[in-house]
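# Examination of the molecular architecture
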Amino acid sequence: MDAVKIDIGLSDDSRARIADGLSRLLADSYTLYLMTHNFHWNVKGPMFNSLHQMFMTQYSEQWTALDLIAERIRALGYPAPGTYAEFSKLSSIKEVAGVPKAMEMVRHLVTAQEATARTARSLLPVVDEANDQPTIDLLTQRLDVHEKTAWMLRSLLEE
C-alpha cells in the first residue's frame, strides 16, 4: 500500500478486496488478450481472413481494457500485477498448447471470454457492498464486452 493515507470513501478492507478481485480480472484479461493475439497470428484455413480480422479487433479492445483495469487497481492504492508469473497464479484461464485448428481456436476463445465474464461478475457483490461506483462501471462495461464477444464467437460454431 502507498505511504500516503488514501481517503476516498472506501474502507481499507474494501479497497484491498476490490484490488484483489481486479487483479484476478486483470490476469484473466491479459491471458485472454495473449490467447487472442496468438490466434490472430496463427489462424489458417478457409476462414483465415474473417477470423484474422475478428481476432485483431478483439485483442485491440482487450489491450485498451488492460490499462483501465490496472489503473483502477492503482487508484485504489495497490500495485497492479504485471508479470507472467503473477498472471499465471491469478488467472482462471489455462494457456492453450500448440496451434489449434481455426474452429478450435474459436472454442477456446468462447471459454476464455466466458471465464473473464465470470471473474468480473464474481466481484460485483463486493464492489456493490462497498458502494464503489467507478469499479461497478468498469465491471459493467467489461461484462458487456465479454458476454457479447462470447455470443458472437459461439455463433460461428453453429451449423
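What this report covers is the structure whose coordinates are included nearby.

What counts and how
- Residues numbered from 1 in each chain as written.
- Predicted model: local features only at pLDDT ≥ 70, side-chain atom pairs only at ≥ 80, totals over all residues.
- Heavy atoms only, no water.
- Helix = DSSP H or I, 4+ residues; strand = E, 2+ residues; numbered from the N terminus.
- Contact = heavy atoms within 4.5 Å.
- 1 Å grid on protein atoms, 1.4 Å probe; cavity = no way out; pocket = protein on both sides within 12 Å on 5 of 7 lines; lining within 4 Å.
- Points joined across faces, edges and corners; volume = space filled by probe spheres on them.
- Nonpolar A, V, L, I, M, F, W, Y, C, P; charged D, E, K, R; others polar.
- Salt bridge = Lys/Arg side-chain N within 4 Å of Asp/Glu carboxyl O.
- Buried < 20%, exposed > 50% of the residue type's maximum accessible area, 1.4 Å probe, protein only.

What follows is about the side chain of T119. Looking at the element boundaries, T119 is found in helix α4 (residues 102-130). Excluding residues that lie within four positions of it along the chain, T119 makes contacts with R24, L25, D28 and S92.

Before going further, it helps to examine the layout of surface pockets. Of the volumes computed, that of the largest pocket is approximately 290 Å³. T31, L34, I93, K94 and E95 are, among the 13 residues lining the largest pocket, the residues nearest its centre. Of all the secondary-structure elements, those providing two or more residues to the lining of the largest pocket are α1 (12-42) and α3 (84-90). Of the residues forming the lining of the largest pocket, the biggest block, 5 residues, is contributed by α1. When its residues are assigned to classes, the lining of the largest pocket shows 7 nonpolar, 4 polar and 2 charged.

Right, let's talk about the pattern of salt bridges for a bit. Scanning all chains against the criterion turns up 9 salt bridges. Two residues, R154 and E114, come together in a salt bridge whose shortest N-O distance is 2.7 Å. Here E114 lies in helix α4 and R154 lies in helix α5 (residues 133-157), a separation of 40 residues in the sequence. Given a relative accessible area of 35%, R154 falls into the partly exposed group. On the accessibility criterion, E114 (30% relative accessible area) is partly exposed. E147 is the salt-bridge partner of R121, the closest N and O atoms lying 2.0 Å from each other. Within this pair, whereas R121 is found in helix α4, its partner E147 is found in helix α5, the two being separated by 26 residues in sequence. We classify R121 as partly exposed; its relative accessible area is 41%. Using a relative accessible area of 38% as the deciding quantity, one classes E147 as partly exposed.

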